[in-house]
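# Fold and contact review
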Amino acid sequence: MSGQLVVAQDLPWPPSVNDFYPPAVAGPWVTKFTLMVWLAVGLVIIFYMAAYRNPKLVPSKGQWLAESVYGLVRDNITREQMGNAGIRFAPYFTVLFSFILVTNIFSIVPGLQISPNSHIAFPIVLAAISYVLYLAVGIRKHGLVKYLKMTLIMPGVPWPMHFLLVPIEFLQNFINRPVTLALRLFANMFAGHLLLLVFTVGGFVMLSADNLFVQVTSVFSFAMAIVMAFFEALVAVLQAYVFVTLTANYVGTSLAEEH
Amino acid sequence: MYLAAEGGHNPILPIWQELVVGTIAFALLVFVLLKFVMPRMEAMYQARVDAIEGGLKRAEAAQAEANQLLEQYRAQLAEVRTEAARIRDDARADAEGIRQDILAKAREESDRIIAAGKEQLVAERTTIVRELRTEVGTLAVDLASKIVGESLADEARRAGTVDRFLDGLESAGAR
């Protein structure tokens, strides 16, 4: 049925993975996705540069907005997760948060309508940086051996349990953390885009059906698409927040004195 | 899934060009913002915290100073009141003392005057009595010699006679 519709209306129904891989603009280096990443980088830099060109104690609107983001990351994420010792990481976390937020929001920006983070390459880059960051911080603070011991060996456990616990801890701290960090962001953006596709393209498909009832019902599909767009906005902010919070938490555990 | 096979893309496998672009772009972003924006933002944040906390501290200090001044003024006021009361008491005591002094002096003076008067009276009386005695004696003797015609030249006898006479008079008068 659907295949017939696609042929009839030239709509890509049902949505597939291929919808995430539009034809390259000019070779594999210049695609919609790489261009969007550059756009996000440009926007974030311009926003902060403009907002902080001439900072004042009593801030202007732009400066206030920039400081709100910084304050959120600094006080509500970094200090919450790492205590006052973590404040020095707040600038990086702010950049990370801003970048993820902007690229996530692209998923509901008209004309772009997809987040670069729905290609796993970008979440991998971000997660890898977080991974290296918390490993480096831990090793630098405690030394390699002590850091490994601290991370892998739970204190106050009968020694035979370590045969079980050490591999679990290893998996948890050195494999699962970066993988889940990247996958969570990627999957959320991927699924969000897929949902939007289902309801918008589905709406068009229903509208072009030859049955009046189905055509009228497409209204619900479009309404759902709008609801999902708001939901997507929520998810975009939430995932940026979660990514940064978890990164802060990981770096915080590397800084901590105990397991 | 078959979809991935169909399009030749597996969404779980990254495109390596995107890894490179993502790394470079994000590195650029981090570099620029960490170098040019974030230090100023943290500095501004600190400045604002200082401004707010400093303001609060200044207000607290001013409040404390005002309270201290108030306490000081109250203490001074109380001190002044006790001082005034003390001065009033002193004055009252002084006045009483002065009154007593004056009274005592006046009494003394009056006593002295009275005593002096009495003494003078006694002295004058004595003088008068003596003079009278001499005069009365002389007069009596002169009168008697005129009457008797006889001169009582003997002084010692004459004095004895007069005195005897007068003593007789006095005792007769006293009786």
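Cut-offs and rules
Residues numbered from 1 in each chain as written. Chains lettered and ligands numbered in written order. Predicted model: local features only at pLDDT ≥ 70, side-chain atom pairs only at ≥ 80, totals over all residues. Helix = DSSP H or I, 4+ residues; strand = E, 2+ residues; numbered from the N terminus. Buried ≥ 20, exposed ≤ 12 C-beta atoms within 10 Å, placed from the backbone. Contact = placed C-beta atoms within 7 Å. Nonpolar A, V, L, I, M, F, W, Y, C, P; charged D, E, K, R; others polar. Core = buried A, V, L, I, M, F, W, Y, C linked by C-beta atoms within 7 Å. Expected span 1.5 Å × (residues − 1). Axes fitted to C-alpha atoms, helices over the stretch in contact; angles between N-to-C directions. Left-handed = near helix turned anticlockwise from the far one by under 90°. Arc of directions from axis to C-beta. pLDDT = per-residue confidence, 0-100.

Attention shifts here to the overall build of chain A. Counting its regular elements, chain A contains eight helices and zero strands. Across its three principal axes, chain A shows a C-alpha extent of roughly 70 × 55 × 35 Å. Out of the 259 residues in chain A, the part that is buried amounts to 36%. For chain A, long-range pairs separated by at least 24 residues make up 64% of all intrachain contacts whose partners lie at least 6 apart in sequence.

Across the boundary between the two partners, chain B contributes 33 residues, which contact 34 residues of chain A. Mapped onto the side of chain B that touches chain A, the elements with two or more residues apiece are helix H1 (2-7) and helix H2 (16-148) of chain B. Grouping the amino acids of the side of chain B that touches chain A by side-chain chemistry returns 24 nonpolar, five polar and four charged.

Right, let's get into the nonpolar core. Nonpolar side chains in soluble globular proteins tend to be buried together. All names here are of chain A. Grouped together as the largest cluster of nonpolar side chains are 58 residues, with contacts concentrated most on Phe93, Leu96, Phe99, Ile100 and Val244. A per-element tally of this core places helix H4 (residues 90-105) first, with 10 residues. When near neighbours in sequence (up to four residues on either side) are disregarded, Phe93 contacts Val73, Ile77, Thr78, Val244, Thr247 and Ala248. Counting seven residues, the second largest nonpolar core, distinct from the first, contains Trp13, Leu197, Val205 and Met206.

All names here are of chain A. With 22 residues, helix H5 (residues 121-142) should reach 32 Å at 1.5 Å per residue; the first-to-last C-alpha distance of 31 Å fits that figure. When we look at burial in H5, the residues that qualify are Ala121, Phe122, Pro123, Ile124, Val125, Leu126, Ala127, Ser130, Tyr134, Leu135 and Gly138. Two residues or fewer past H5, Gly143 is found with a positive phi of approximately 85 degrees.

Here we come to the packing of helix H3 (residues 61-82) of chain A against helix H8 (residues 212-255) of chain A. All names here are of chain A. The N-to-C vectors of H3 and H8 enclose an angle of 35 degrees; their axes lie 8 Å apart at closest approach. At the point where H3 passes H8, the crossing takes the right-handed sense. Counting all contacts with H3, which are made through Val73, Ile77, Thr78, Gln81 and Met82, the residues of H8 involved are Val244, Thr245, Ala248, Asn249, Val251, Gly252 and Leu255. A per-class count over the contact of H3 with H8 returns seven nonpolar, five polar and no charged.

All names here are of chain A. Helix length check: helix H2 (residues 32-51), at 20 residues, gives a terminal C-alpha distance of 28 Å against a target of 28 Å (1.5 Å per residue), a fit within 8%. Looking at H2, one finds that the buried residues are Phe33, Thr34, Met36, Val37, Ala40, Val41, Val44, Tyr48 and Ala51. In a view along the axis of H2, the buried residues occupy a sector of 165 degrees, so they form one face of it. Exposed residues lying more than 90 degrees from the buried face of H2 are Ile46 and Ala50.

All names here are of chain A. The phi dihedral of Gln113 falls on the positive side, at around 55 degrees, and the residue is not glycine. Position of Gln113 relative to the elements: it lies in the loop between H4 and H5. Since 15 C-beta atoms lie within 10 Å of it, Gln113 is described here as partly exposed.

Along the chain, the position of B:Ile24 falls in helix H2. Separated by 78 residues in the primary sequence, B:Ile24 and B:Ile102 have C-alpha atoms spaced 113 Å apart.

This part takes up the confidence of the model for chain A. Residues and elements named next belong to chain A. In this model, chain A carries an average pLDDT of 89, and 95% of its residues clear a pLDDT of 70 or more. Highest mean pLDDT in chain A belongs to H4 (95); lowest belongs to helix H1 (residues 2-9) (45). This stretch, residues 1-8, has a pLDDT under 50; its non-local contacts, to residues over four places away or in other chains, come to nine contacts.

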